[in-house]
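Here is what each chain is made of, one letter per residue.
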Amino acid sequence: MSGVRVLVGTHKGAFVMTSDAKRKQWDISGPHFTGWEVYHVKGSPADPNRLYASQNTSWFGQVIQRSNDGGKTWQAMEGKFAYDGEPGTHKWYDGTSRPFEFKRIWHLEPSLTDPDTVYAGAEDAALFRSTDGGQSWHELPALRQHSTAPNWAPGAGGMCLHTIILDPKHRDRMFVAISAAGAFRSDDAGKSWRPINRGLRSEGIPDPNAEVGHCVHRIAMNPSRPDVLFMQKHWDVMRTDDAGDSWREISGNLPSDFGFPIDVHPHEPETIYVVPIKSDSEHVPPDGKLRVYRSRTGGNEWEALTNGLPQSNCYVNILRDAMAVDSLDSAGIYFGTTGGQVYASADAGDSWNPIVRDLPAVLSVEVQTLA
Amino acid sequence: MIRVVLPPHLRNLAQVKGEVELEVKGKPTPQSVLDALETRYPVLRGTIRDQTTHERRALVRFFACEQDLSLDPPDRPLPEAVVTGNEPFLIIGAMAGG
C-alpha cells in the first residue's frame, strides 16, 4: 500500500511523520537528536530507507547522521568537512575580505541513483560529496575556487549553499544556489561552474549584468522538464526555460514577491507554489494571513490557497527548505513554519490540515513517496 | 586511568553513559586526553576541537579540580589529582544562549 514519509528538521531536533496515501492519520516519531539544530533531512531516491540528516550546534559543530531503516534508528557518521586546499576569501558585510570558514551543512542532496552518494551544501558556501554513505566527505572545490568567489558576500542568514538540484536527464549537470552569490550550473559533474544569473534584477546591485551578488532563496525543478527552473529570489519570483541561461520574472499578481520556498507540482510542470512574505525587513505573512499561492500557468497568474490555513493573527515564516511535494496521484504539498506547524494538503493545495502544531521552529520539510 | 566527563549532547553522540575512562600514554595533558578520547570515539572528532587545527571550539570549556583549564596550553600537564583518577577532567558546553 502506498504512503508517504515526511522528514522534518527543526531548531531542536528531527521528526519523521508517516501516513498512508489518504494522508489524514499520521504517526510521528521524534525528536531525534534532541536539542540540536537539524537543518535538513532527506531520503535517497534510490533507496527510500536510506536517510541523511544534518545536525549542528554552535557548541559542538557539525554531525551527519544516517539511517538505513527509514528513520527508526540513526548512526552518527565520523566524516568531517574540510575545504580542499587554501580556503580563499569572500566579501564580508562591510566589504572587507574574509577567509572561508566552515560553519554548517544547510542541505543534503542524495544521488538519484546511488544511495551511498550524497552531496552537501555548506556555509560558508561550498559543495561536498560523499560516495561512502556519509562516512567521509570531499569538497568539489571548483565552485569555491570560481573566479567570482572573492566577491561573494553572505546574506542575512549566512553565506550558505542551500540549493542542490541534480539533473535527471543530463547526468553530469547540477545546479546550486548560494545566498547571496546567486545560482550556478555545472555541466561536468562539478569540475567547473558558471554563474547563471542573467535576467535577475536586485535592488542594491546597480549593474544589471552583474555575474554574482543576487540573493537567491530557493530554486525548484520538475524532473520531467529539467531545463525549466523556478526561483524565489529575495524579492521576485523568476523562471528560466533554458537551464538558467536567462531568467524572467513571473511574480505577476502576488501580494508580495518576497519569500523563501518555491516548489513545483509533481505531475503538472506549469503548476508552482510559493508563500509570499510581507518584506525582507518584517518576515511575516501579509495581513496576518498564511496563504500559499499557486500558479497553474507557470507564473504571473496566482491564486491564494487558504482553506485550512490561519487567516488572521498569523505571523510565522516559512523557510527556504521547508516546502515539499509528494508524487502520489493526488499530489501532496507540505510546508512547515517557524511557529512549529507542519501543514499537509492531499489535494494539490486546495485544502490544508496540520500534521502537527507545536514543534520547534521548522527549518526543513522533505517528503518521500513510498510504494 | 583518566576520568573524563562529557556534556550530555556528546555522551549521546558517543553513545556512552556516565564517565569515560581513558588510558593515556605519557604525561596526561588536555591534548593527549583528547587524542585518546577521539581515538576511542571517532564521532567526537570536530565536536570539542577543530579537527585540523586542534583549537578548542569557542563554546567548549575544560575544567578540573575547580580550575578552568580552557585557556591553558594544550600540552600543559593536567593536575596530579586528574592523573591519579581522583578527579575527573570535565568537558563543558559553555552556558551561552537559550
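Fair warning: this is a prediction, and the values are worked out from it, not measured in the lab.

A. Geometry of the pairing of strand E5 (residues 51-57) of chain A. All names here are of chain A. Taking burial as the measure, the 7 residues of E5 include 6 buried ones, the bulk of the element. Pairing of strand E4 (residues 37-43) with E5 involves 6 bridges; the strand directions are antiparallel. Across the sheet, residue His40 finds its bridge partner in E5, namely Ser54. In this structure, the hairpin formed by E5 and strand E6 (residues 61-67) is closed by a connection of 3 residues.

B. Geometry of the interface of chain A and chain B. Of the residues lining the interface, 11 residues belong to chain A; the matching set on chain B comes to 15 residues. Of the residues belonging to the side of chain A that touches chain B, the class tally is 5 nonpolar, 4 polar and 2 charged.

C. Expanded view of the sheet that holds strand E18 (residues 216-221) of chain A. Residue and element names in this part refer to chain A. Pairing in this open sheet of 4 strands is antiparallel, and the strands run E18-E19-E20-E21 from one edge to the other. Strands with a single pairing partner mark the edges of an open sheet, and in this sheet they are E18 and strand E21 (248-249). Bridge analysis of E18 against strand E19 (residues 229-233) gives 5 bridges, and the strand direction is antiparallel. Across the sheet, residue Met221 finds its bridge partner in E19, namely Leu229.

D. Highlighting the environment of Gly3 of chain A. Residues and elements named next belong to chain A. Locating Gly3 in the fold gives a position in strand E1 (residues 3-10). With 324 residues separating them in the primary sequence, Gly3 and Ser327 have C-alpha atoms 10 Å apart. Not counting chain neighbours up to four residues away, the residues in contact with Gly3 comprise Thr18, Ser19, Asp20, Ala21 and Leu370.

E. A look at unusual backbone geometry. All names here are of chain A. Residue Pro31 follows Gly30 across a cis peptide bond; omega there is 5 degrees. Here Pro31 is to be found in strand E3 (residues 27-32). Following Ser179, the chain continues to Ala180 via a peptide bond in cis, the omega torsion being 0 degrees. Along the polypeptide, Ala180 turns up in the loop between strand E15 (174-179) and strand E16 (182-186). Its identity is not glycine, yet Arg23 carries a phi of approximately 60 degrees, on the positive side. Tracing the sequence through the fold places Arg23 in the loop between strand E2 (13-20) and E3.

F. Seen up close, the sheet that holds strand E26 (residues 323-325) of chain A. All names here are of chain A. Strand order in this open sheet of 4 strands is E26-E27-E28-E29, and the pairing throughout is antiparallel. Bordering the open sheet on either side are E26 and strand E29 (353-356), each of which pairs with just one other strand. Strand after strand, the sheet turns through a mean of 25 degrees between neighbouring axes, direction not considered. Inspection of the sheet shows strand E28 (residues 342-345) paired to E29 by 3 bridges, in the antiparallel sense. Looking at E29, one finds that Val342 is bridged to Val356.

The rules behind each value
- Residues numbered from 1 in each chain as written.
- Chains lettered and ligands numbered in written order.
- Predicted model: local features only at pLDDT ≥ 70, side-chain atom pairs only at ≥ 80, totals over all residues.
- Buried ≥ 20, exposed ≤ 12 C-beta atoms within 10 Å, placed from the backbone.
- Helix = DSSP H or I, 4+ residues; strand = E, 2+ residues; numbered from the N terminus.
- Pairing = 2+ DSSP bridges.
- Contact = placed C-beta atoms within 7 Å.
- Nonpolar A, V, L, I, M, F, W, Y, C, P; charged D, E, K, R; others polar.
- Axes fitted to C-alpha atoms, helices over the stretch in contact; angles between N-to-C directions.

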